[in-house]
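One-letter residues, chain by chain:
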Amino acid sequence: LNLLFSAIDQEAEDKGVVKIKTMGDCYMAVSGLRGEEPEPEVAMLLFVCAVLHRVDAEGVPGAEVRLRCGVHTGPVVSAVLGTRKFLYDIFGDAVNTASRMESTGQPGSVQMVQAMAMRVRPRVERLVHIAEPRQVHLKGKGATMTCLATPRGYVAQQRAARGP
């Protein structure tokens, strides 16, 4: 797990994404929190796709790993909590929706709501394949139209692995 999270940390640093925390085998990160990123949705999607591609290409020694990722966009509140062991965290509907995107997604892909997919598609289509919308039931939200995305190189590797 440390090797995987270290690789993700490196991708986050390379892409200008900020790690918030890890929770068990989950990794929470944010883009655009400080208002410096002109296209935080694009930055986050490219970060997640780079992680998927890297794990697919390099693997994790001694383990078969297929990541399931979720992203969402929207306002959040950030805070430092505690007086001794400080914890930096973010809260809001965007965080909860991203979590639902991950939990209802598919291994080897990143899931997002259809509206986000339509906004980022023109800026990422050379690098990221965004599938047609599908309906998913999200706890606390009901039926929601979502899209799955994968890095283009990852799609090619999956097809090659399956054969003709």
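Residues numbered from 1 in each chain as written. Predicted model: local features only at pLDDT ≥ 70, side-chain atom pairs only at ≥ 80, totals over all residues. Heavy atoms only, no water.

Chemist: What is the right way to look at the confidence of the model for the protein chain in this model?
Modeler: Regions with low pLDDT should not have their predicted coordinates read in detail. Scored by pLDDT, the protein chain has a mean of 89; 93% of the residues are at 70 or more. Here residues 156–164 scores under 50 on pLDDT; set against residues more than four positions off or in separate chains, the count is 5 contacts. (pLDDT = per-residue confidence, 0-100. Contact = heavy atoms within 4.5 Å.)

Chemist: Would you take a moment to explain the pattern of salt bridges for this structure?
Modeler: Oppositely charged side chains may form a pair once their charged atoms are brought near each other. Scanning all chains against the criterion turns up 8 salt bridges. For glutamate 11, the salt bridge goes to lysine 15, with nearest N and O atoms at 3.1 Å. Of this pair, glutamate 11 and lysine 15 both sit in helix H1 (residues 2–15), 4 residues apart, which is roughly one turn of the helix. Lysine 15 gets classed as partly exposed once you look at its relative accessible area, which sits at 32%. With its nearest N and O atoms 2.9 Å apart, the salt bridge here joins aspartate 93 to lysine 141. In this pair, aspartate 93 is assigned in helix H3 (residues 93–103) and lysine 141 in the loop between strand S8 (134–138) and strand S9 (142–151), connecting sequence segments 48 residues apart. For aspartate 93, a relative accessible area of 45% corresponds to the partly exposed category. Classification of lysine 141 by relative accessible area gives partly exposed; the value is 38%. The structure contains a network of salt bridges with shared partners spanning Glu11, Lys15 and Arg54. (Salt bridge = Lys/Arg side-chain N within 4 Å of Asp/Glu carboxyl O. Helix = DSSP H or I, 4+ residues; strand = E, 2+ residues; numbered from the N terminus. Buried < 20%, exposed > 50% of the residue type's maximum accessible area, 1.4 Å probe, protein only.)

Chemist: What is the right way to read the state of the cysteines from this model?
Modeler: Linking two cysteines covalently through their sulfur atoms gives a disulfide. The tally for this structure, following the rule as stated, stands at 0 disulfides. Cysteine 147 takes part in no disulfide bond, and the closest cysteine sulfur to it belongs to cysteine 49, at a distance of 13 Å. (Disulfide = S-S within 2.5 Å.)

Chemist: In this structure, what is going on with helix H4 (residues 114–124)? I would like to understand it.
Modeler: Within an α-helix, residues lying three or four positions from one another point in the same direction, as the helix has 3.6 residues per turn. Met116, Ala117, Val120 and Val124 are the residues of H4 that are buried. Projected down its long axis, H4 shows its buried positions confined to an angular sector of 90°, all on one face. At its buried positions, H4 is contacted by helix H2 (40–58), strand S6 (109–113), strand S7 (128–130) and S9. (Arc of directions from axis to C-beta.)

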